[in-house]
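# An overview of the molecular structure
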Amino acid sequence: MTSSTFSNKPVTTTKIVVLQQHPVVAHALSFIRDKDTTSAVFRTAMKQVGNVLLSRASEQIPLVPVTIQTPICETTAYQRDPNIPILVVPILRAGLVWADLSLEWLPEAHLYHLGLARNEETLQPISYYNKLPKTTTSKSFDYPPAHAFVIDPMLATGGSAIAAIEALKQRGVLEANITFICLIASPEGLKIVQDAFPALSIVAAAVDDCLNENGYIVPGLGDAGDRVFGTL
Ligand code: PRP
Ligand code: URA
C-alpha cells in the first residue's frame, strides 16, 4: 500500500473482535487452558496471544501524516499523534502479564495500575490500589481525546471491567476511546459490559461457554492471577 492510499479506518465497525481463529491464538490457548501447563510456559503463551491482541487493539489509535526524508526522496509517512495521550490500565494482578508488552507496542503510553480483587463470596470487585490520576485536570488527560486500553485476561461476571471503565470515564476518558483487552470472556459478563458501555471496544481471544456457580469461566483456565504468578 502506498502512502497515498493508506487508511487508518478500523477494519470492522463491530465493537467486539474475537481472535480465537487466529492460529497463533488457538495454539497458545491450548497451553494456557491446560491445567498441567507450568507458569513459565503459561506466561510465554500469554505473551504470544498478547501480541496478537495488542496488534488488533492498536488499530484504533489515530495517526497523523508526517513528512519524512528517505535516503531517496521526501515522502509522507504516518505516526501516532503526539498530542493524544495513550493510557494503559492493567488490572492487578493478572493484567500485569501484558503491562510490559503494552509498552513495547506503545512506548509513549502512560501506565496506570489498578488493583481490583474479587470478593470470592459476593463476586464484587474490591479496589485496593489505584494509581489513576485523581482528577481530569491531571496533565495526562489535558489533551482530549485520550485513548485508553484496559488490560485483564479474564472478563467473568464483568464486575472488574465495569469498575475499571467507570473509573476512566469519571476521569474524562470518552467511552468510545476505551478498549478492553482480555483473553477470555464469559457470555454473561460480556453482555453486562456491552449493555453498560455500548460504545466500548472489546478485543478478546475467546468467548467461552458460561460461568459456573463460583463465578469462574467454563471451560476457562482457572484463576488467571494464580496461573501467571505460580501461586496456586
Ligand atoms: C480476576 C481477573 C479479573 C477478575 C474477573 O482477578 O484477573 O480481574 O477476576 O472477574 P469478574 O469479571 O467477575 O470481575 P482476581 O479478582 O481473581 O484477582 P487476581 O488477578 O489478583 O488473582
Ligand atoms: N477470574 C479468574 O481468574 N478466572 C475466572 O474464571 C474468573 C475470574
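Quick note: structure is the one above.
We now turn to the structure provided with this report. (Residues numbered from 1 in each chain as written. Chains lettered and ligands numbered in written order. Predicted model: local features only at pLDDT ≥ 70, side-chain atom pairs only at ≥ 80, totals over all residues. Heavy atoms only, no water.)

### Considerations on the overall build of the protein
Helices and strands together make up the secondary structure of the protein, namely 6 helices and 13 strands. When the 232 residues of the protein are sorted by exposure, 45% land in the buried category. Once local pairs closer than 6 in sequence are excluded, the contacts in the protein between residues at least 24 apart make up 65%. In the form shown here, the protein has an accessible surface area of approximately 11,700 Å², with 55% of it arising from carbon and sulfur atoms. (Helix = DSSP H or I, 4+ residues; strand = E, 2+ residues; numbered from the N terminus. Buried < 20%, exposed > 50% of the residue type's maximum accessible area, 1.4 Å probe, protein only. Contact = heavy atoms within 4.5 Å. Areas by Shrake-Rupley, 256 points an atom, 1.4 Å probe, with all protein chains shown as cover.)

### As for helix α1 (residues 23-33)
Here α1 has its buried residues at V25, A28, L29 and I32. Projected down its long axis, α1 shows its buried positions confined to an angular sector of 110°, all on one face. Next to the buried residues of α1 lie α2 (39-57), β10 (178-185), β11 (201-207) and α6 (224-229). (Arc of directions from axis to C-beta.)

### Things to note about the packing of α1 against α2
Remark: α1 packs on α2, axes separated minimally by 9 Å, with the N-to-C direction vectors making an angle of 155°. Taken as axis vectors, α1 and α2 run roughly antiparallel relative to one another. Remark: the crossing between α1 and α2 carries left-handed chirality. For the pair formed by α1 and α2, the contact residues are V24, V25, A28, F31 and I32 on the first element and V41, F42, A45, M46, Q48, V49 and V52 on the second. Of the residues contributing to the contact of α1 with α2, the split by class is 11 nonpolar, 1 polar and no charged. (Axes fitted to C-alpha atoms, helices over the stretch in contact; angles between N-to-C directions. Parallel < 35°, antiparallel > 145°, perpendicular 65-115°, else oblique. Left-handed = near helix turned anticlockwise from the far one by under 90°. Nonpolar A, V, L, I, M, F, W, Y, C, P; charged D, E, K, R; others polar.)

### Side note on the packing of aromatic side chains
Enumeration over the complete set of coordinates arrives at 0 aromatic pairs. Lying across the ring of Y216, R118 places its NZ or CZ 5.4 Å from the centre. (Phe/Tyr/Trp six-rings, centres within 6.5 Å; stacked < 30°, edge-to-face > 60°. Lys NZ or Arg CZ within 6 Å of the ring centre and 35° of its normal.)

### Regarding the site of ligand 1
Taken together, 17 residues lie near ligand 1, and R118, D152, A156, T157 and S160 sit nearest. A distance of 3.4 Å separates an oxygen atom of ligand 1 from a polar side-chain atom of D223. Listing elements by their share of the shell around ligand 1, those giving two or more residues are β4 (86-92), β6 (114-118), β9 (154-155) and α4 (159-170). Examining the composition of the shell around ligand 1, we find that 3 residues originate from one element, β6, more than from any other. Taken together, the residues of the shell around ligand 1 break down into 8 nonpolar, 5 polar and 4 charged. (Near = heavy atom within 4 Å. Polar contact = N/O pair within 3.5 Å; in protein donor to acceptor, adjacent residues only side chain to side chain.)

### Points about helix α5 (residues 187-196)
Of the positions making up α5, those classed as buried are G189, L190 and V193. Taken down its axis, α5 places every buried residue within 100° of arc, on the same side. Seen from the open side of α5, the exposed residues pointing more than 90 degrees away from its buried face are K191 and D195. For α5, the secondary structure elements touched by its buried residues are β1 (16-18), β9, α4, β10 and β11.

### Thoughts on the site of ligand 2
Close to ligand 2 lie R118, M154, A156, G215, Y216, I217, G222, D223 and A224. Here an oxygen atom of ligand 2 and a backbone polar atom of A224 are 2.8 Å apart. With the chains in place, 89% of the 240 Å² that ligand 2 exposes on its own is no longer accessible. Across the shell around ligand 2, the residue classes break down as 5 nonpolar, 2 polar and 2 charged.

### Let's talk about the nonpolar core
Side chains that are nonpolar tend, in soluble globular proteins, to be buried together. By size, the foremost hydrophobic cluster in this structure holds 38 residues, and its most contacted members are I32, V49, L53, W98, I181, L183 and L221. Going through the elements one at a time, α1, α2, β4, β8 (147-151), β10, β11 and α6 are the ones with two or more residues in this core. With 8 residues, α2 is the single largest residue contributor to this core. One finds V89, F180, C182 and A204 within the second-largest nonpolar core, a separate group that totals 27 residues. (Core = buried A, V, L, I, M, F, W, Y, C linked by side-chain atoms within 4.5 Å.)

### Describing the pattern of salt bridges
Evaluation of the coordinates by the stated rule reveals 8 salt bridges. R118 is paired through a salt bridge with E120; the nearest N and O atoms lie 3.9 Å apart. Judged by relative accessible area, which is 45%, E120 ranks as partly exposed. (Salt bridge = Lys/Arg side-chain N within 4 Å of Asp/Glu carboxyl O.)

As far as function goes, none of this settles anything; it's purely spatial.
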